[in-house]
Amino acid sequence: MTDPEFFNGIIKVLFVCVIITAAYIITTKNLISLVRAYALQSLALVLIALSLYWYEGAGILLAIAGITLIFKVIVIPYFISNVQEKIRIKRDIEFHFLSPTSSLLISLALMLLVYITLSRIVGINAVTGSAESPFFFGAVIGISLLLMGMMVTFSRKKAITKVLGYLSMENGVLLFGLFVTELPFIIEFLIIIDLVILILLTTILTVGIDSTLEEYHNRLHRFYLWEEQEESP
Amino acid sequence: MTVEFLVYGVINTLCVVLLSPLFVSLIKKVKAWSQGRQGPSVFQTYYTLAKLLKKEVIYSGNSSRIMRATPWVCISAVLVASLFVPLVFVTEPFGGIGNIILFLYLLVLVRFFMALSGLDAGSTFGGMGSSREMSISAVIEPTTIIVFAALAFVFKSMNIFDMVGTEVIAGIPVSPTLILIGISLFIILIVETSRIPVDNPETHLELTMIHEGMILEQSGRNLALMELTAAIKQTLLMALLINLIVPWGLSTTLSFAAIAVAVCLFAVKGAILSLVIGLFESSMAKMRFFRLPSLFMMAFFFSTLTIIIEVFA
């Protein structure tokens, strides 16, 4: 019913989109476009899930696409950009350990490493590839995305960018799950709920993660996160 | 050599020489618009070249034969290189023409002689320009080679004619990874034509100029040749990007109508790309010299990624 050639082409384009956004998340210093890049990456995942549904016809893929669209493309980016507007930070220019340039190089090396390791595990000849290559390569991209997200998490200094790194790690898990193991839908859903809670916490923690409780109160006032009348004694 | 190839040579060279100044002034016009100015007319570069061709050539007392030979070496090398990139009409390649390695070496020859002539006149600005140009080219050269290696890998051919021919028959980019190569080629286009994040083509401020510094001592006819060289080099890189990513309309047969359509389409596509370049340049600030490698690393990353995806997926 469907043409595998065409399916491969579409999946490849979407992989390219995912990688471009991942590279952008690693290198950019502008917080607004960071959030947008994350939303675009999630959108690419939604499209991947939809084209997999079109190819395989499993209803669960449609459900995954649905919740990803609602939460990761709309709700979470909305929350983060809200926080980011309130704390009035536009750019994150502080990096630990790695500069953006060296992170890019390392992520290339990571991708190669993941490919070689996975091909050993699955038993595919590393040079010639295999018949069902888009599925295998999807797994490779998924794990690389996870590791790249981890790199963002430890190479950035601001809490809000660390959270974005964590979110893009989760995107990697989802991609891996789409192509290799079918995660039960309930677990997918719980992960999403976790993410939402995480984002809610972030709205509080971004401004106060390193402060004492008294100082934290003052900061909330300073950043206009707490209205005067709601204040507890 | 067939007759068809001779005709190809004539048409291609004419197109390159006639269209290059147009694209240069279009980019200037777009930049002027984005700054809220009227800007010079789109034919200004033609007028400037015509004026310079009539002017007398003055050489510095310290300069040697290199200064006299450089404009001619540059223009001939870049004109030969222009035969390697089919602009409007794809034919069977003849001899070594179309080989990407030779193409890269011809462009490097131009750059080498420009740097030499910058040093030759003994002015401090020329020396500074040459030194900067050489440092940048030492960093961008590996990236350029990787990008062209990725191209050769995607098309399974070392010949630009074969690549463009494959593209024309397919009608759409043959592989999605060409999007990635497109990004890399765009960065190389910006770097090689000394545009804004790397060099500012409009300034004669001693602290920032690279390309302008090297040709500061040229005058009259020689300056016109150097300007034309830079314009043609830009058109060649633009044509490479255009014909590999959006190949529609290229003519494969030797007929007047097909070629006329192809010329018009190429002019339109080139104008759109000039618009993009102009907007890109207006939206960027010039980068600090030592931050430039991170821009090149972007191109390097995407082209290496192309090779990885092509090999593995």
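Residues numbered from 1 in each chain as written. Chains lettered and ligands numbered in written order. Predicted model: local features only at pLDDT ≥ 70, side-chain atom pairs only at ≥ 80, totals over all residues. Heavy atoms only, no water.

### Digging into the overall build of chain A
The number of helices and strands found in chain A is 8 helices and 0 strands. Start at the N end of chain A and walk to the C end: the helices and strands fall as α-α-α-α-α-α-α-α. The contacts in chain A between residues at least 6 apart in sequence include a share of 75% that link residues at least 24 apart. (Helix = DSSP H or I, 4+ residues; strand = E, 2+ residues; numbered from the N terminus. Contact = heavy atoms within 4.5 Å.)

### Section: the pattern of salt bridges
Here the structure, examined in full by the defined rule, presents 7 salt bridges over all chains. For Glu 170 of chain A, the salt bridge goes to Lys 72 of chain A, with nearest N and O atoms at 2.5 Å. Residue Glu 170 of chain A is found in helix 6 (residues 159–179), and its partner Lys 72 of chain A is found in helix 3 (residues 59–87); the two are separated by 98 residues along the sequence. Of the two residues examined, Glu 170 of chain A and Lys 72 of chain A, each falls in the buried class. Ionic pairing is found between Glu 281 of chain B and Lys 31 of chain B, a salt bridge with its closest N-O pair at 3.0 Å. With Glu 281 of chain B in helix 10 (residues 256–283) and Lys 31 of chain B in helix 1 (residues 3–34), the pair connects residues that are 250 residues apart, well separated along the chain. A residue is classified by how much of its surface remains accessible, and Glu 281 of chain B, at 1% relative accessible area, is buried. According to the relative accessible area criterion, Lys 31 of chain B is buried, its value standing at 3%. (Salt bridge = Lys/Arg side-chain N within 4 Å of Asp/Glu carboxyl O. Buried < 20%, exposed > 50% of the residue type's maximum accessible area, 1.4 Å probe, protein only.)

### Points about helix 3 (residues 65–82) of chain B
Residue and element names in this part refer to chain B. Its 18 residues give helix 3 an end-to-end C-alpha distance of 26 Å, which sits within 8% of 26 Å, the value for a rise of 1.5 Å per residue. Approximately 25° is the largest bend angle found in helix 3, and it occurs at Pro 71. For helix 3, the set of buried residues is Met 67, Thr 70, Pro 71, Cys 74, Ile 75, Ala 77, Val 78, Ala 81 and Ser 82. Residues of helix 3 that are buried make contact with helix 1, helix 4 (100–120) and helix 9 (220–245). (Expected span 1.5 Å × (residues − 1). Bend = angle between axes of the 7 residues up to and from the residue.)

### Re the confidence of the model for chain A
Low-pLDDT stretches of the model should not have their predicted coordinates read in fine detail. All names here are of chain A. On average, residues of chain A score 79 in pLDDT, and 79% of them are at 70 or above. Per-residue pLDDT, averaged within each element of chain A, yields its smallest value for helix 8 (residues 213–222) (68) and its largest for helix 2 (residues 31–56) (89). Contacts for the low-pLDDT stretch residues 229–233, under 50 throughout, to residues beyond four places or in other chains number 5 contacts. (pLDDT = per-residue confidence, 0-100.)

### Details of the environment of Ala 231 of chain B
Residue and element names in this part refer to chain B. Tracing the backbone through its elements, the reader meets Ala 231 in helix 9. Distance in space between the C-alpha atoms of Ala 231 and Val 17 is 8.6 Å, their sequence separation being 214 residues. Filtering out sequence-adjacent residues up to four positions away, Ala 231 remains in contact with Ser 20 and Val 24.

### Examining the layout of surface pockets
A probe matching the size of a water molecule, rolled over the atoms, marks out where space remains unfilled. Space inside the largest pocket adds up to approximately 1,100 Å³. As for the largest pocket, its lining consists of 36 residues, and the residues nearest its centre are Tyr 24 and Thr 27 of chain A together with Met 284, Leu 295 and Met 298 of chain B. When residues of the lining of the largest pocket are assigned to their parent elements, the largest contribution, 7 residues, is made by helix 7 (residues 178–192) of chain B. Taken together, the residues that form the lining of the largest pocket break down as 25 nonpolar, 8 polar and 3 charged. Val 24, Lys 28, Pro 201, Glu 212 and Glu 227 of chain B are, among the 39 residues lining the second largest pocket, the residues nearest its centre. Looking at the lining of the second largest pocket, the elements that each hand over two or more residues are helix 1, helix 2 (44–54), helix 4, helix 8 (211–214) and helix 9 of chain B. (1 Å grid on protein atoms, 1.4 Å probe; cavity = no way out; pocket = protein on both sides within 12 Å on 5 of 7 lines; lining within 4 Å. Points joined across faces, edges and corners; volume = space filled by probe spheres on them. Nonpolar A, V, L, I, M, F, W, Y, C, P; charged D, E, K, R; others polar.)

### Comments concerning the interface of chain B and chain A
Taken residue by residue, the interface counts 18 residues in chain B and 21 residues in chain A. Summed over both sides, the interface between chain B and chain A buries roughly 1,900 Å², with carbon and sulfur atoms accounting for 87% of that surface. Remark: the boundary between chain B and chain A carries 0 salt bridges. Viewed at the interface, chain A and chain B are joined by 0 residue pairs in polar contact (both at pLDDT 80 or more). Residue assignment for the side of chain B that touches chain A shows that the elements contributing at least two residues are helix 7 and helix 11 (292–312) of chain B. (Buried area = accessible area lost by both parts, 1.4 Å probe. Polar contact = N/O pair within 3.5 Å; in protein donor to acceptor, adjacent residues only side chain to side chain.)

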